[in-house]
Structures are given as structure tokens and as C-alpha cells.
Amino acid sequence: MRLSKKGWNNVLIFGVLLIIFIFNFSHKLTLSPKVQQRTVIDKQLMIVEIKTPDFRIKRDGRSWLSEPSLGLSEQQLALLVQNWQSVKLETQPAVTDLSAPYNIFIYSADQEQPIIVQLFQHGDNYLLQSDADTSLFLAAEQLPLFLGR
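Below is a short write-up of the structure. Small disclaimer: the values here were computed from a predicted structure and weren't measured. (Residues numbered from 1 in each chain as written. Predicted model: local features only at pLDDT ≥ 70, side-chain atom pairs only at ≥ 80, totals over all residues. Heavy atoms only, no water.)

Along the backbone of the protein chain there are three helices and nine strands. When the helices and strands of the protein chain are read in sequence order from the N terminus, they spell out α-β-β-β-β-α-β-β-β-β-β-α. A compact globule built from 149 residues should have a C-alpha radius of gyration of about 15 Å, whereas the protein chain, at 26 Å, is more than 25% larger. Counting every position in the protein chain, which comprises 149 residues, the buried fraction comes to 28%. Of the contacts formed within the protein chain by residues at least 6 apart in sequence, a portion of 55% connects residues at least 24 apart. Counting only carbon and sulfur atoms, one obtains 57% of the accessible surface of the protein chain, whose full area is about 10400 Å². Across the protein chain, the 14 positively charged side chains and the 14 negatively charged ones have centroids separated by 19 Å. (Helix = DSSP H or I, 4+ residues; strand = E, 2+ residues; numbered from the N terminus. Rg over C-alpha atoms; globule rule 2.2 N^0.38 Å. Buried < 20%, exposed > 50% of the residue type's maximum accessible area, 1.4 Å probe, protein only. Contact = heavy atoms within 4.5 Å. Areas by Shrake-Rupley, 256 points an atom, 1.4 Å probe, with all protein chains shown as cover. Lys, Arg positive; Asp, Glu negative; His and termini not counted. Charge placed at Lys NZ, Arg CZ, Asp CG, Glu CD.)

Glancing now at a nonpolar patch on the surface. A surface patch of nonpolar side chains, amounting to about 620 Å² of accessible area, comprises L12, I13, F14, V16, L17 and I20. In this structure, I13 sits in helix α1 (residues 5–30). (Patch = residues over 30% accessible without salt bridge, like charges linked within 9 Å, V, L, I, M, F, W, Y side chains within 5 Å. Salt bridge = Lys/Arg side-chain N within 4 Å of Asp/Glu carboxyl O.)

The pairing of strand β2 (residues 47–51) with strand β3 (residues 56–60) spans three bridges and is classified as antiparallel. Residue pairing across strands places E49 opposite K58, the latter belonging to β3. Between β2 and β3, which pair antiparallel and follow one another directly, the connecting turn spans four residues. When β3 meets strand β4 (residues 63–67), the two strands line up antiparallel, connected through five bridges. Across the sheet, the residue bridging to R59 is W64, located in β4. Linkage of β3 to β4, two consecutive antiparallel strands, is achieved through a turn of two residues, within which G61 is found at a positive phi near 70°. (Pairing = 2+ DSSP bridges.)

Moving on, we get to the sheet that holds strand β1 (residues 37–38). Read across the sheet, nine strands follow the order β1-β5-β9-β8-β7-β6-β2-β3-β4 without closing on themselves; strand pairing throughout is antiparallel. With partners counted over all chains shown, the strands left at the sheet margins are β1 and β4, one partner each. Two strands pair when backbone bridges link them, and strand β8 (residues 125–129) and strand β9 (residues 134–138) are joined in this way by three bridges, in the antiparallel orientation. Along β9, the bridge assignment pairs L127 with F137. Running at roughly 95° to β4, helix α2 (residues 74–86) makes contact with β2, β3, β4, β6 (102–108) and β7 (115–122) of the sheet. (Axes fitted to C-alpha atoms, helices over the stretch in contact; angles between N-to-C directions.)

Our next topic: the environment of Q111. Inspection of the secondary structure puts Q111 in the loop between β6 and β7. Given the relative accessible area of 38%, Q111 is considered partly exposed.

Right, let's talk about the nonpolar core for a bit. Nonpolar side chains in soluble globular proteins generally cluster together in the buried interior. By size, the foremost hydrophobic cluster in this structure holds 27 residues, and its most contacted members are V40, I41, W84, I104, I106, V117 and L119. When contributions to this core are tallied by element, the ones reaching two or more residues are β2, α2, β6, β7, β8, β9 and α3 (143–147). It is α2 that provides the largest number of residues to this core, a total of four residues. Ignoring any residue separated from it by four or fewer positions in sequence, one finds I104 in contact with I50, K51, T52, W84, I115, I116, V117, L119 and L147. (Core = buried A, V, L, I, M, F, W, Y, C linked by side-chain atoms within 4.5 Å.)

Once that is clear, we can look at the pattern of salt bridges. Counted by the stated rule, this structure contains three salt bridges. Note that R38 and D131 form a salt bridge whose closest N and O atoms lie 3.5 Å from each other. Here the residue R38 occupies a position in strand β1, and D131 occupies one in the loop between β8 and β9, the gap between them amounting to 93 residues. The partly exposed category is assigned to R38, whose relative accessible area is 26%. Residue E49 pairs with R56 through a salt bridge whose shortest N-O separation is 2.9 Å. Under the relative-accessibility criterion, E49 is labelled buried at 16%. Classification of R56 by relative accessible area gives partly exposed; the value is 27%.

What follows is the structure in C-alpha cells.
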């Protein structure tokens, strides 16, 4: 089967269009945003106290106590503290509007100064920010995982 000159031109045109489509499609795949996730507190740190304006959770030997009582069992308090180091949250750009944050102080055995985490309302959800570069998206349903209420 032999193609005419016009037939070869059509094959060449469709081939070039196919190559352009492949390059364009692969370029969009590489530029698709990748969701970055991380925990609020590094797993390597040993948390000894979490202090908020409303309550305080502190280590008492191998158990946890809350002052005033949050109505949570010792195991629930331990899980709440563990969530700060295990629940991965999606990173977001840092909050620039620093109006009325809810400050949470997390003390660790490894550091002299507390880690200050600021909680901001973001529509119906929340943002947690512990540094000037990034914040972490916290869905409203996830708030009890960190604050127990």
C-alpha cells in the first residue's frame, strides 16, 4: 500500500499533533499540585504539657491529667496528646492576618522554650500555625482530636 504525497502530509500533520498533545498533557501532569502533609509537632519530641487559655494537660508520671478536668479518661488524654504528633494535616500558606489567635503552648522535655501553636478560624474550619512560613489546615470535625471538645 503506497501513500500519495498528500497522504504522507496528513500522516505527518497527525503525528505532529499527537506529539504536541503528548507534551502538553505530560506537562500538565508534572505541574499538578501535590498536597503536602505534616504533623503539628515532630514525633521525636516528648510532650510533657499542653497549655491553652482554657485548660492544661500535663504528664504525671506515665499518665496524663487535665486542669480543669475535661471529662476525658486518662487514655483519651493520652490519645489527644499523641494526635499532636501523629495526625497529618495539609499544609497551607502562612496566615498573614494575625487577628485574635487562640494560642496553644506545647512544652517538651527536649526544649527549654514552649512551641507556640496559633489556632485561627478559617471560615467553618481552622488553621494551625507554629512557624512564619506555613500553616496546617484543620477541618472543623478534626478539632476535637486536638482540643478534646
